Amino acid sequence: MIQDEQKRAVAIAAIEHVPVGCIVGVGTGSTANYFIDELAKIKHKIDGAVASSDATAKRLESHGIEVIDLNNVDDLPVYIDGADEITEHLHMTKGGGGALTREKIVAAVARKFICITDQTKLVNILGNFPLPIEVIPMARSYVAREITLLGGQPALRQGFITDNGNVILDVHGLQILNPVELETTLNQITGIVTNGLFARRAADVLLLGGDLGVKTITH
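Residues numbered from 1 in each chain as written. Predicted model: local features only at pLDDT ≥ 70, side-chain atom pairs only at ≥ 80, totals over all residues. Heavy atoms only, no water.

## Considerations on the overall build of the protein
Applied cut-off: A run of DSSP states H or I qualifies as a helix once it reaches four residues; a run of E qualifies as a strand once it reaches two. Both are numbered from the N-terminal end. Only C-alpha atoms enter the radius of gyration, while the globule expectation follows 2.2 Å times N to the 0.38, with N the number of residues. To sort residues, take the accessible area from a 1.4 Å probe on protein chains only and compare it with the maximum for the residue type: under 20% means buried, over 50% means exposed, and anything in between is partly exposed. Two residues qualify as a contact provided that any one of their heavy atoms is within 4.5 Å of a heavy atom in the partner residue. Residues scored as charged are limited to Lys and Arg (positive) and Asp and Glu (negative), so that His and the chain ends carry no count. Here the site of a charge means atom NZ of a Lys, CZ of an Arg, CG of an Asp or CD of a Glu.
For the protein, the helix and strand inventory stands at six helices and 13 strands. The C-alpha radius of gyration computed for the protein amounts to 17 Å, which stays within 12% of the reference 17 Å derived for 219 residues, consistent with globular compactness. When the backbone C-alpha atoms are referred to their principal axes, the protein occupies close to 50 × 40 × 30 Å. Taking all 219 residues of the protein together, 54% fall into the buried category. If you take every contact in the protein between residues at least 6 apart in sequence, the share linking residues at least 24 apart comes to 72%. Separation between the mean location of the 19 positive side-chain charges and that of the 26 negative ones in the protein comes to 1 Å.

## Focus: the sheet that holds strand S9 (residues 167-172)
The line we're drawing: In this description, strands pair whenever DSSP reports at least two bridges between them. Interaxial angles span 0 to 180 degrees and are taken between N-to-C directions of axes, which are lines fitted to C-alpha atoms, for helices over the stretch in contact.
The strand order across the open sheet formed by four strands is S8-S9-S7-S10, and the pairing between neighbours is antiparallel. On the outer flanks of this sheet lie strand S8 (153-156) and strand S10 (192-195), each paired with one strand and no other. Across the sheet, the axes of successive neighbouring strands diverge by a mean angle of 30 degrees, strand direction being ignored. Pairing between strand S7 (residues 131-135) and S10: three bridges, direction antiparallel. Note on S10: the bridge partner recorded for valine 135 is isoleucine 192. Running at roughly 70 degrees to S10, helix H4 (residues 100-109) makes contact with S7, S9 and S10 of the sheet. Running at roughly 165 degrees to S10, helix H6 (residues 179-187) makes contact with S7 and S10 of the sheet.

## Details of the sheet that holds strand S1 (residues 23-26)
Spatial strand order, S2-S1-S3-S6-S12-S13: six strands in an open sheet with mixed pairing. In this open sheet, the two strands that pair with only one neighbour each are strand S2 (48-51) and strand S13 (213-218). Averaged over all adjacent pairs, the angle separating strand axes in this sheet is 25 degrees, with direction ignored. Pairing geometry for S1 and strand S3 (residues 78-81), over three bridges, is parallel.

## Some words on the nonpolar core
Inclusion rule: Take the buried Ala, Val, Leu, Ile, Met, Phe, Trp, Tyr and Cys residues and link them wherever side-chain atoms come within 4.5 Å; each set so joined is a nonpolar core.
In terms of nonpolar packing, the biggest core is built from 27 residues, with Val24, Phe35 and Leu39 touching the most fellow members. Contributions of two or more residues to this core are made by helix H1 (3-15), S1, helix H2 (30-39), S2, helix H3 (54-62), S3, strand S6 (112-118) and strand S12 (205-210). When residues of this core are assigned to their parent elements, the largest contribution, five residues, is made by H1. The next biggest cluster of nonpolar side chains, apart from the first, holds 21 residues, and it includes Ile23, Ile68, Leu76 and Met92.

By themselves these figures say nothing about function.
Below, the structure is given as structure tokens:
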């Protein structure tokens, strides 16, 4: 299976995890887009969706799926999203598309987080993919200096502003041996809105697309 076919396969598999009559949390990115397209086929069975980005909201609405503000949702049974990197422990790096803050918020609310990816995203150690960090603009230089002290090499994502009006530093050169610890450390740096480590709230289920089909990994 080529990569796009693997992404489509996991998107189809994820539909089985969507309860009838629920509101679904929906992620951002190419694999999430495949999921949205599949979700459209059962839109009569769900009550709507919470979007993790403006782009996702537009795609959902284009399919006639109602987008609901998370503040108006009491119960979110499931959140489905992709990852830039993920380990067998279901710790992830996310934010390549720049939606990490809203993704992390929706994931925090959801009772179950299902990650859908192709096999190229499964790694032994996080860090080969640059770690995205959303930063308040006036704190950019300060945060960059602090990250350098941690051994990272931060680079401003040029020409990009998040849906929240902030900038992103992509941090290169990290070998993330303890994702939970690094996520906690980064959370303490003033000016960081969110970092792209999803380890403290890891995925509950990974649907991994490969040459032989979809493999389910739980943690």
